[in-house]
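Chain residues, written in single-letter form:
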Amino acid sequence: MTEPIWRPSPERAAATQLAAFHRLATARHAVGAGYPALHAWSCAEPDAFWPLLWEALGIVGERGARTLVRGATMADAQFFPDARLSFAENLLARRDDATAIVAIAADGGRRALSFADLAAEVGRVAAGLAAHGVGAGDRVAGVLPNAIEAIVAMLAANSLGAIWSLCDVDMGVDAIVDRLGQIEPRALFVQPTARTAALIDALAARLPSVRTPIAVGGAAAGLVDYAALAPGHAAPPGFVRQPFAAPAFVLYTSGTTGLPKCIVHGTGGMLLQLLKELRLHYDVRAGDRFFYQTSTGWNMWYWVVIALAAGATIVVRAGSPIRPHAAALFDLADAERLTHLGVSPPYLAQVRAAGVRPRATHALTELRAVLSTGSPLSAGLYDYVYADVKADVCLISLSGGTELNACFATGDPSGPVYRGELAVPALGMRTEVFDDDGRAIARAKGELVCTAPFPSQPVGFWADPDRRRYLATYFERYPGAWHHGDFAETTAAGGLIIHGRSDSVLKPGGHRIGTAELYRPLEAIAELDDAIAVGQRWGDDVRVVLFVRVRPPAELDAALERRIRATLLAHTSPYHVPARILAVDAIPYTKSGKKAEAAVRATIHGEPVPQRAALADPDVLAAYADLPALRR
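Residues numbered from 1 in each chain as written. Predicted model: local features only at pLDDT ≥ 70, side-chain atom pairs only at ≥ 80, totals over all residues. Heavy atoms only, no water.

A. Representation of helix α19 (residues 597–604). For α19, the tally of buried residues reaches seven of eight residues, placing the bulk of the element in the interior. For α19, the complete set of buried residues consists of Glu 597, Ala 599, Val 600, Arg 601, Ala 602, Thr 603 and Ile 604. Turning to α19, the residues buried within the fold contact β27 (496–501), α17 (515–522), β28 (528–538) and β29 (541–550). One or two positions beyond α19, positive phi appears at Gly 606, with a value near 70°. (Buried < 20%, exposed > 50% of the residue type's maximum accessible area, 1.4 Å probe, protein only. Helix = DSSP H or I, 4+ residues; strand = E, 2+ residues; numbered from the N terminus. Contact = heavy atoms within 4.5 Å.)

B. A look at the packing of aromatic side chains. Taken as a whole and judged by the stated rule, the model has 25 aromatic pairs. Aromatic pair Phe 80 and Phe 244: ring centres 5.2 Å apart, planes at 50°, arrangement tilted. Pair noted here: Phe 80 is in the loop between β3 (78–79) and β4 (84–85) and Phe 244 is in the loop between β12 (242–243) and β13 (247–253), with a separation of 164 residues, a long-range link. For Phe 80, a relative accessible area of 0% puts it in the buried group. (Phe/Tyr/Trp six-rings, centres within 6.5 Å; stacked < 30°, edge-to-face > 60°.)

C. Quick look at the packing of helix α8 (residues 173–183) against helix α9 (residues 197–206). Where α8 meets α9, the closest approach of the two axes is 11 Å, and the angle between their N-to-C directions is 40°. In terms of orientation, α8 lies oblique with respect to α9. Note that α8 runs across α9; the crossing there is right-handed. Along its contact with α8, which presents Val 173, Asp 174, Ile 176 and Val 177, the element α9 presents Ala 198, Leu 199 and Arg 206. Grouping the amino acids of the contact of α8 with α9 by side-chain chemistry returns five nonpolar, no polar and two charged. (Axes fitted to C-alpha atoms, helices over the stretch in contact; angles between N-to-C directions. Parallel < 35°, antiparallel > 145°, perpendicular 65-115°, else oblique. Left-handed = near helix turned anticlockwise from the far one by under 90°. Nonpolar A, V, L, I, M, F, W, Y, C, P; charged D, E, K, R; others polar.)

D. Quick peek at the environment of Ala 391. Position of Ala 391 relative to the elements: it lies in the loop between α15 (379–389) and β19 (394–397). By relative accessible area, Ala 391 is classed as partly exposed at 33%. Leave out the neighbours within four places in its chain, and Ala 391 touches Trp 6, Arg 359 and Tyr 386.

E. Inspection of the environment of Pro 588 at higher detail. The residue Pro 588 is located in the loop between β30 (580–583) and α19 in this model. Aside from chain neighbours lying at most four places away, what touches Pro 588 is Ile 532, Lys 594, Lys 595, Ala 596, Val 600, Val 620, Leu 621 and Tyr 624.

F. Representation of the side chain of Asp 412. Counting through the fold element by element, Asp 412 comes out in the loop between β21 (406–410) and β22 (424–425). The side chain of Asp 412 sits in the buried core without any salt bridge; Arg 7 is the nearest counter-charge, 8.8 Å away. For Asp 412, the contacting residues outside a window of four places in its chain are Leu 18, Tyr 35, His 281, Cys 394, Ala 423 and Val 424. (Lys, Arg positive; Asp, Glu negative; His and termini not counted. Salt bridge = Lys/Arg side-chain N within 4 Å of Asp/Glu carboxyl O.)

G. Layout of the nonpolar core. Leu 91, Leu 118, Trp 164 and Phe 189 are the most contacted members of the largest nonpolar core, which totals 126 residues. With nine residues, helix α7 (residues 148–159) is the largest single contributor of residues to this core. If you look at the next biggest cluster of nonpolar residues, it comprises 35 residues, including Ile 513, Val 534, Leu 560 and Ala 629. (Core = buried A, V, L, I, M, F, W, Y, C linked by side-chain atoms within 4.5 Å.)

H. Just the sheet that holds β4, in detail. Taken in spatial order, the three strands line up as β1-β4-β12 in an open sheet, and their pairing is antiparallel. The strands lining the two open edges of the sheet, one partner per strand, are β1 (61–62) and β12. Strand direction decides the pairing type here: β4 and β12, joined by two bridges, are antiparallel. Note that in β12 the partner of Leu 85 across the bridge is Gln 242. (Pairing = 2+ DSSP bridges.)

I. Quick look at the sheet that holds β28. Ordered by their spatial adjacency, three strands build an open sheet running β28-β29-β30, and the pairing between neighbours is mixed. Looking along the sheet, the strands with just one partner apiece sit at the ends: β28 and β30. In this sheet, neighbouring strand axes are inclined to one another by 25° on average, regardless of whether the strands run parallel or antiparallel. The pairing of β29 with β30 spans four bridges and is parallel. Bridge assignment links Leu 546 to a residue of β30, and that residue is Ile 581.

J. Geometry of the state of the cysteines. The full count for this structure, using the stated rule, is zero disulfides. Considering cysteine sulfurs only, Cys 262 is the nearest to Cys 167, which forms no disulfide, with 9.3 Å between them. Between Cys 407, a free cysteine, and Cys 450, which holds the nearest cysteine sulfur, the sulfur-to-sulfur gap is 12 Å. (Disulfide = S-S within 2.5 Å.)

K. Representation of the pattern of salt bridges in the model. Here the structure, examined in full by the defined rule, presents 32 salt bridges. Between Glu 149 and Arg 111 there is a salt bridge, with its nearest N and O atoms 3.0 Å apart. In this pair, Glu 149 sits in helix α7 while Arg 111 sits in strand β6 (residues 110–114), placing the two residues 38 residues apart along the sequence. You can call Arg 111 partly exposed: its relative accessible area is 43%. Between Asp 435 and Arg 439 there is a salt bridge, with the nearest N and O atoms lying 2.9 Å from each other. What you see here is one network of salt bridges that share partners, running through Asp 283, Arg 285, Asp 288 and Arg 368.

This is the structure we're talking about:
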């Protein structure tokens, strides 16, 4: 086994919240020494682990007598069926004058809000929503930048028992409507800008369920002024405590066909899992200053706001992480005295390529942890962090997903870090790697699965009453186990290596993109007859490659390429815009009529084509092999 690239001092390891929890578990349940023993116990004894975790985290609410009611299958399990709690109540438990949120705008402007003022602001907005008829079970949505108002709106909606959903302000109108149109929100927060003007104009026609459109940070005709919601109301909110699995959040992920999937998460699972991650696996505590570079359209936004429940200050930032210059986030780390800096592997690759060496130019005095997710973190980027960012820092590469809002593999702040590896499987998550036949394998590449129930399993998909789509998506491949779609392997050190997605979902810069989201806007371009999109491994990231079949007599020239990119940017987001667009004579399909994205992806990487026999015309793939345009 190789030597670790970093190891905490014995004193630092013993002082972590994970070590304290291990000591508590040992005192109560005679758990053995070492993280593997703690993890094994957490999976084998859920009726002991999850109540102890609830107690250790100080969850506010009534836990109830029962912990886990096992159903006929893993998908039928119910956690804490007697519990009553509120996500917002736990995040607003601290009420003093310490800073709760620091928000940095795209233009560099800085705003701060104390815990006491945050509670009062949430109370005001909640009162305003209630005055407009919003109550438990209603959907409240936001199309907002990463700013204080997005957090306030989420907490206000949740305090009323409403179901919250959030979209990135940079998304195109079609992408937003594809998401929010399915859940039919009653109220919508939107920031009037040139980019959202078309959405505001289209509200009545395309989102007719919205009865209360609310303008944040600017006036718009026909919209309620955010600042005018319950003016003068200064009391903290009341809280509607709901069952553990009551629907509280809708997040979105995409398959390869149809509209984005609306994933419904319960209030208790989100709270317990996210707070477990932050406090035990990242060692976030009261007084810390936590930042993760994220958009509001990514599930990592929730990982930032949950730090409020730990009593930490959260720092949010709008705009590109490399603006106004490549070292901007390290400037932020110094200016805001960050203890935790969350980034993506593509960001680290960018700053490394730009020659940024924060260890030589920045103090980073209080920085204890660098977190990374969105795509696999290469061994070379581990080297970069320890050589050029900070030598004494816990580098935590984590892997989970929007579907579970938790991690399968994560950090151990009390243990060593090995280059290229995710340190440990998360507590309470029976994470394994299966071969194609559903057998557990060790130190070999296979499918990442979870073989025991966990509390943040989604309530289901929206408008999927019999759960048929939900069960087919996660439990059909391996009956009795959650199949996540990641290609992974376990390591000799007890960690995991994630080799990327095993399905056809694209992840440029860590942003999940369903290929159907690219295809729909392209249908409006008359010159295009068909298209297929895949992800190509490129450096430390994945880039989107789009193959198009052009209708004669048209040709794929520079003008058509510009129009394709402009169309995708206007109707989706910058992450959907392909890095390469190539013309082909034919698009491969399966015999059942599906685009053969996995086959194309394997072909451009020079790998064996999976399920080649399922293709209608396998010979079509020859045109995708060994393309010079994909070597640059």
